[in-house]
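# Structural description and commentary
What follows is each chain in one-letter form.
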Amino acid sequence: MSKQSQTPKAAPAPSRSMLLDWLAIQRNRITILMILAGMAMVLPLVANNYVLEILTNAWFYVVLCLGLNIVVGYAGLLDLGYAAFFAVGAYTTGILTSEFGVNFWLTIPVAVVASMITGVIIGGPTLRLRSDYLAIVTLGFGEIVRICARNLEITGGASGLIGIERPSLFGLHLNQINHFYYVFLALAILACFISYRLQHSRLGRAWQYVREDEDAAEAMGIGRVAIKLYAYVIGAIFGGVAGCFFAAKMTAISPETFMFQQSVLILVGVVLGGMGKIPGVVIGAFALVLFPEVFRGIGSMRMLVFAVVMLVIILYRPEGIWPARRT
Amino acid sequence: MSTLDILLQQLANGLILGSFYALVALGYTMVYGIIKLLNFAHGDLYMCGAFIGFLFLSLVSGLLGESWGGILCSMILSMITVGLLGVLIQRVAYLPMLAAPRLSILITALAVSMVLSNGVMALTDGEYEAFSTDLGFEGLEMGNVFVTYTQIALVVSAALLMVTLFFFINRTMYGKAMRAIAIDQDACRLMGINVNKVITLTFFIGSALAAAAGVMAGVYYGSVHFFMGFVIGLKAFTAAVIGGIGSIRGAMLGGLVLGLLEAFGTQIPFIGSEWKDVFSFGILILLLVFKPTGLLGKTEIERM
Amino acid sequence: MKKSMLTAALGCALTGLFMLGQAATAADLKIGIMVPTTGSEATAGKDMENAILLAADEINQAGGVLGMKITTTTGDDACDPQQATAAASKLVSADVAAVVGGYCSGATLPTLKLYGDAGVPFIIAASNSTKLIDANQGNAFLVNSTGYDQVNTAVELFTSKGANKLAIIHQGDGYSEDLAKLTKEKWSSLGKEVVAYEVVNKGEQDHSSLVTRIKSKAPDAIFWTAYYADGALVIKQLRQAGYRKLIAVGDGSNSPKLLEIGGKATEGVFCFSNPTVDYLPAAKAFSEAYKKKYDQDPDAYSSLAYDGMKLMADAIQRAGSTDKAAIIKAIAATKDFKGIAGPISFTPKNTLAHSNFVTLIAKGGKWVLNK
């Protein structure tokens, strides 16, 4: 990554006086975003359940990919065990609602805290390591979390937890797929917004500096390990919260969902779309979910075609389908 | 069985398993040493090796019978084929990516791994194929410790391969060139070493070793499957890192250490075998936190 | 640049949606099939799909159901919980009258909620984890005997062979853990000893250290509750290490592949099995028709899948309409339906009234009925 240096190109966060100018410049972009959002909102009125199920899944992966994007794309740390955070969130909600009868919404803050703690436990000792070693350590932690979930009594062992209560929102019991479609759409929009704000914050610029040149960043007074840990913990929270809603939607969770392949899948989404670029990551997440569904007809060749397409995309667009702009 | 017998038997188990890990870990470490790439597809090359060995063995079994000669022949053929496959992968997928960001090339490796495993899955319909060699259970019994002749043959062939490799790297011009390139590629180019050729050779050898391990596993365990490379790939990766990735001796040592850790890990009192992997990954993490370069790795300051 | 990218993305999204959307055209009697047609269990899934299609063909040739021809839609659950919910939604959206299928219990489990909410009658052909019984909302029916029945058969065998110390090994997935746990509870409740209760990781090849550990506990019998591929390796390594006593495997290991991979090490191994075509006199015609149509032998769960489809057609006929609630009522009222795998009636919990488990033994590289 040494060959390019990056300057923050995108508009800085607008101060109040600049807001109108900024809006004018961004008009095209905002119009398109509004159209897209509008389309996403009205979709449940026209689409059937199958399409909604797939798209709900896509929004879910958008949240996960954006979370991992903070770690991999913004801070440049390779994480091969991201499914662990997703698992922590899902199991927190699963255990609290099914074993202790806690209201779903109250489990979210608990899950946030739990994933933060996990993030600190994993990140704390390992973030000093070289990037390749970091990859294997995160992989190891991911496996440890999965094996714990499989072996412990409280997580329901290998069969996992069933009968997780579905939440209510303002008196509406969320139990239809179109409810969950909107829930995950809202989560995805929230994730995009937070990612955008983070990217253009002081912290975002620090991540970028550390990613491009760690030594120089440290020399400029940026606490390297602390900054990386922030990325790790924030990424963990994204995964944890997504996990809560995942548990509520599926009503049953088992350790098989949190295998190494899941971590790889999320990583592929981030990299395929374009690390560090929000629309890129969103497209990557969609590609991840839609591609295997669209090509379901070709049966056992499906995953092979998916893998080949992925390889070709990476070879011809090594920075992703829609990469972050670098000069 | 007395406790001592159990521990001795576990020692034997660990060494046998460890020699598999070591063979596969060597490929990881050689490729990493020379182009700083974690070749995630390595486990799948092991799988391909097992499948090609299976194919050759089914073909030659008519000519040579299911003898050790037949097994040896198909192992050599499989090593050559998979070696060439490794070279092809390097040329097609990794060569254009050498200048790209480190993360992109890692993802390329993941993609290659998916192409290989899904390709074999599509070809075999996801079926388990059974090796027809039924090698019998005769063996040496020392007290209560029992080792079959097959196991001894496996460990000996693994050791032979590793010793050959060791001499190749330390005693030949190509080996010297490999070591030199690992230190400074540009300087080697200036000194007139054909860097690309040596990298190609490294991929060939690494892949061939994985194939050898694959055929041996197929013959020994008796089945091949498109998914079989995943677990061993993960374990060999761990072994390479434990030993210090990039170091040839480290990979051999790391393989044996991991094999022993797992064997004794199942024997810890009060803890079931279901925690075995937590134990090996836990040791790995502790080791990296306190000695990040692995057992035999060189200290290196990384500049991204 | 930006704009063209966005337009392209929009275009892609729309095409994708279009392709996803073109599922259903109204006609005939639509039955959904949910089996894994990709992934690690694809072989078993395709075998079940074949059997169901064969049953549907036969029904259609005989004039269909209520004068309608059966058409099928397959949802691939890939033996994965997440993909299974997508597959179930697909079937529900395609507006199927009923669903037949279900192989991996772990994958079938989360779909019960979807089918239950939609009130779709669902005949579960193979999945038999006891967790399915609790999660069932009343619309699902298990035509395979559940874990409880298998445990009884297993304990009977171990007791008759005079075993006292039992070792149990599972594979860390819902199905095999469930069976292992039930066996352990039952065995302990009889005042006997479970000396080892172990897990093997899926896809791992070397089990020598585990084998040493188990052998050192000197069990009289070893029960492998998981699938054939890894089971063959475990058995082989147990025999290689010199374990000579009883080994038994659960119904997930009921495959000729176990014997093929395990070789002579598997000789004399016991297997508990739902009745497969080889041991069913009534299945002869089915077996021949299957071979003729697909040019291969029917596998373990084909007879149950075939029965599932036939039972569904029978129930719809009896219900007299394709109204989902009426179909469910008709299935529940089934009395001694003559399936090729045995008579089918249901308990109030929608499980099979009479256990259909048999004990097999490996002899000369083949499974034969143990009598």
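About the cut-offs
Residue indices begin from 1 for each chain and proceed along its sequence in written order. To label them, take the chains in the order written and letter them from A, then take the ligands in the order written and number them from 1. Given that the model is predicted, a residue must reach a pLDDT of at least 70 before its local features are reported, and side-chain atom pairs must reach 80 or more before they are shown or counted; all residues, however, enter totals for whole chains, interfaces and linings. Secondary structure counts use DSSP, requiring at least four H or I residues in a row for a helix and at least two E residues in a row for a strand, with both numbered from the N terminus. Here, residue contact means that the backbone-derived C-beta atoms of the two residues sit within 7 Å. Note that Gly is not counted as nonpolar here; it falls among the polar residues with everything else outside the nonpolar set of Ala, Val, Leu, Ile, Met, Phe, Trp, Tyr, Cys and Pro and the charged set of Asp, Glu, Lys and Arg. A set of buried residues qualifies as a nonpolar core if it consists of Ala, Val, Leu, Ile, Met, Phe, Trp, Tyr and Cys joined through C-beta atoms within 7 Å. Our exposure labels follow a C-beta count within 10 Å of each residue's own C-beta, placed from the backbone: buried means 20 or more other C-beta atoms, exposed means 12 or fewer, and partly exposed covers the counts in between. For the domains described, the bounds stem from an automatic or database domain assignment. For two strands to be treated as a pair, DSSP must find at least two bridges joining them. Each axis is a line fitted through C-alpha atoms, and for a helix only the stretch in contact is used; angles between axes span 0 to 180 degrees, taken between their N-to-C directions.

When helices and strands are tallied, chain A shows 13 helices and two strands. Once local pairs closer than 6 in sequence are excluded, the contacts in chain A between residues at least 24 apart make up 79%.

A few words on the interface of chain C and chain B. How big an interface is tends to be stated in terms of the accessible area lost upon association of its parts. Counting residues at the interface gives 29 residues for chain C and 33 residues for chain B. Of all the secondary structure elements, the ones that give two or more residues to the side of chain C that touches chain B are helix H2 (42-61), strand S7 (193-199), helix H8 (208-216), helix H9 (228-240) and helix H10 (256-262) of chain C. Here the residues of the side of chain C that touches chain B sort into eight nonpolar, twelve polar and nine charged.

The next thing to look at is the interface of chain A and chain B. Counting from both sides, the interface comprises 38 residues of chain A and, opposite them, 41 residues of chain B. Of all the elements in the fold, those that place two or more residues in the side of chain A that touches chain B are helix H5 (104-126), helix H6 (131-151), helix H9 (214-219), helix H11 (260-273) and helix H13 (302-316) of chain A. Ranked by the residues each element gives to the side of chain A that touches chain B, the list is headed by H6(A), at eleven residues.

Among the nonpolar cores identified, the biggest contains 338 residues, and A:Val62, A:Val63, A:Ala231, B:Ala22 and B:Ala212 are the most heavily contacted of them. Among the elements that make up this core, the one with the highest residue count is helix H3 (residues 49-74) of chain A (19 residues). For this core, the two domains that each supply at least three residues are domain 1 (28-145 + 280-344) and domain 2 (148-273) of chain C. What A:Val63 contacts, discounting residues up to four positions off in sequence, is A:Leu187, A:Ala188, A:Ala191, A:Phe238 and A:Ala242.

Looking now at the sheet that holds strand S9 (residues 246-249) of chain C. Residue and element names in this part refer to chain C. One open sheet accounts for seven strands, arranged S7-S6-S8-S9-S10-S13-S14; its pairing is mixed. What marks the edges here is a single partner per strand, and that holds for S7 and strand S14 (366-369). When the angles between neighbouring strand axes are averaged without regard to direction, this sheet yields 25°. Note: strand S13 (residues 358-363) against S14, four bridges, orientation antiparallel. By the bridge assignment for S14, Ala362 is matched with Trp367. Each of strand S6 (165-170), strand S8 (221-224), S9, strand S10 (270-273) and S13 touches helix H6 (residues 147-160); the most contacted strand, S10, lies at about 155° to it.

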